[in-house]
Amino acid sequence: MRITIRVLAALLLFVLVASIFYFSSRTTLAPVWLDNRGKPIQAHGGGILKVGDEFFWFGEDRTQGLDPTRKYVACYSSKDLSHWTFRNQVLKLSDPENLGPGWLVERPKVFYNEKTNKYVMYLHLDDKSYKFARVAIAVSNTVDGDYHYLKSFRPLDMESRDIGQFIDDDGTAYLIFESRPTKGFVIAKLSDDYLNVEKQMSLVPKPLEGGALVHYDGLYYVIGSHLSGWTPNSNVYATSPSLEGPWTEFKDIAPPEKKTYDSQSSMLLKVVGDKTTTVLFMADQWEPKALWDSRYLWMPLEIGDGKLHLPPPKSWAIDVKTGVVTYKNRLWN
Ligand code: GAL
């Protein structure tokens, strides 16, 4: 009898310690974000393009059970940044450069080119060991596809892995890409038709990926994550008055022990309302063993006067007309 009580007590203690451990390491796991069909949104490593008053969210579609020889990008639309309608699996690509099993497509970003009236998708295209290190381009006449593969290349002849997109207030389009051999990342202007990467603006000498950029109140703020693969780390930011630099030293965007609340930067979205301007931090909470179940951490940033801070995640909503954010004062939902 005594033994049974001891065994039970030990078991209870074990469960208690294990759950404290589990919950303290994952207190910030975002809930599953469902689309209009009630299915989890599949737009990982994504980007947003605004067309008229509609936002389009593109990202890696990691749905289970898809044809493993293909790679997919999905597209969703929304007018309030909260309710998303599934539009289309806009890219269903077969290995375009003979990269072999395990080839991959990551971090799709779509730009709209006014001159050619085309939607231009940039992708990170790679083989399973990440040696190919190129960008690829796919093009469509309509925002929600289908997108057709055009080509792959190394931007400015440099290796390119994680990519980010930035459209400045004057409409100029830029690609951010990580260039490992130079131990830095590059901010580069696209060509007139967006089908090439034309001009280096900055080579920021800091080994960072997940690059994201925003122009806020006369300053450029760039965010990146350290190179730790799927494992989260403390993302950092720097500022500059010009895209050509000089950039300040990098600082953590949140308390470093929080590891960006278990997330990795993907994009900074500026919502200019008629009352205020809000900058949203869009990030992925990766689940490497179940990528389809990776979550999204989106939070309004505290930003201004050269400072940027990611507050602890909680539930919020934005009025995209005014730009004003309201908080629900509870975690997530
Ligand atoms: C991350 C990167 C992801 C993916 C992953 C693979 O650092 O941002 O897009 O490439 O590494 O380990």
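Please refer to the structure placed before this passage.
This one's a predicted model, so the numbers in the text were calculated from it and none came from an experiment.

J.: Can you help me understand the sheet that holds strand β2 (residues 54–60) in this one?
T.: With respect to topology, four strands assemble into an open sheet ordered β1-β2-β3-β4, the strand pairing being antiparallel. Every interior strand has two partners, whereas the edge strands, β1 (44–51) and β4 (85–94), have only one. Within this sheet the neighbouring strands show an average axis-to-axis angle of 20°, counted without direction.

J.: Which parts of the structure should I look at to understand the packing of aromatic side chains?
T.: Think of a pair of aromatic rings as described by two things: how far the centres are apart, and how the planes are tilted against each other in angle. For the coordinates displayed, the defined rule picks out 18 aromatic pairs. Judged by centre distance (6.4 Å) and plane angle (55°), the ring pair of Trp 57 and Tyr 76 falls under tilted. One end of the pair, Trp 57, is in strand β2; the other, Tyr 76, is in strand β3 (residues 70–78), with 19 residues separating them in the sequence. Assessed through its relative accessible area of 1%, Trp 57 is described here as buried. Tyr 76 sits in the buried class, given a relative accessible area of 1%. With a centroid separation of 5.5 Å and 70° between ring planes, the pair formed by Tyr 76 and Phe 86 is classed as edge-to-face. Residue Tyr 76 is located in strand β3, and its partner Phe 86 is located in strand β4; the two are separated by ten residues in the primary sequence. Relative accessible area serves as the criterion here: at 24%, Phe 86 is assigned to the partly exposed category. Feature note: the residues Trp 33, Trp 57, Tyr 76, Trp 84, Phe 86, Tyr 296 and Trp 298 constitute an aromatic cluster, connected by ring pairs. The residue whose ring lies beneath Lys 151 is Phe 153, and the NZ or CZ to ring-centre distance is 5.1 Å. Here the guanidinium or amino end of Lys 314 rests over the ring plane of Tyr 327, the centre of that ring lying 4.7 Å away.

J.: Please explain the side chain of Thr 260 as it appears in this structure.
T.: Tracing the chain through its elements places Thr 260 in helix α2 (residues 259–262). Note on Thr 260: relative accessible area 1%, which makes it buried. In contact with Thr 260, other than residues within four places in its own chain, are Asn 233, Ser 234, Asn 235, Ile 253, Phe 281, Leu 297 and Leu 310.

J.: Help me understand the site of the ligand in this model?
T.: All residues in the neighbourhood of the ligand are listed as Glu 106, Arg 107, Tyr 130, Asp 162, Glu 209, Gly 229, Trp 230 and Gln 264. Measuring from an oxygen atom of the ligand, one finds a side-chain N or O atom of Glu 209 at 2.3 Å. Surface burial for the ligand is 89%, taken as the share of its 310 Å² of free accessible area covered by protein chains. The class makeup of the residues in the shell around the ligand is two nonpolar, two polar and four charged.

J.: In this structure, what is going on with the environment of His 124? I would like to understand it.
T.: Assignment of secondary structure puts His 124 in strand β6 (residues 118–126). Between the C-alpha atom of His 124 and that of Asp 192, which follows or precedes it by 68 residues, the distance is 21 Å. In contact with His 124, other than residues within four places in its own chain, are Leu 104, Val 105, Glu 106, Tyr 130, Arg 134, Ser 160, Arg 161, Asp 162 and Ile 163. Of the polar contacts made by the side chain of His 124, one reaches the side chain of Asp 126; its length is 2.7 Å.

Parameters at a glance
- Residues numbered from 1 in each chain as written.
- Predicted model: local features only at pLDDT ≥ 70, side-chain atom pairs only at ≥ 80, totals over all residues.
- Heavy atoms only, no water.
- Pairing = 2+ DSSP bridges.
- Helix = DSSP H or I, 4+ residues; strand = E, 2+ residues; numbered from the N terminus.
- Axes fitted to C-alpha atoms, helices over the stretch in contact; angles between N-to-C directions.
- Phe/Tyr/Trp six-rings, centres within 6.5 Å; stacked < 30°, edge-to-face > 60°.
- Buried < 20%, exposed > 50% of the residue type's maximum accessible area, 1.4 Å probe, protein only.
- Lys NZ or Arg CZ within 6 Å of the ring centre and 35° of its normal.
- Contact = heavy atoms within 4.5 Å.
- Near = heavy atom within 4 Å.
- Polar contact = N/O pair within 3.5 Å; in protein donor to acceptor, adjacent residues only side chain to side chain.
- Areas by Shrake-Rupley, 256 points an atom, 1.4 Å probe, with all protein chains shown as cover.
- Nonpolar A, V, L, I, M, F, W, Y, C, P; charged D, E, K, R; others polar.

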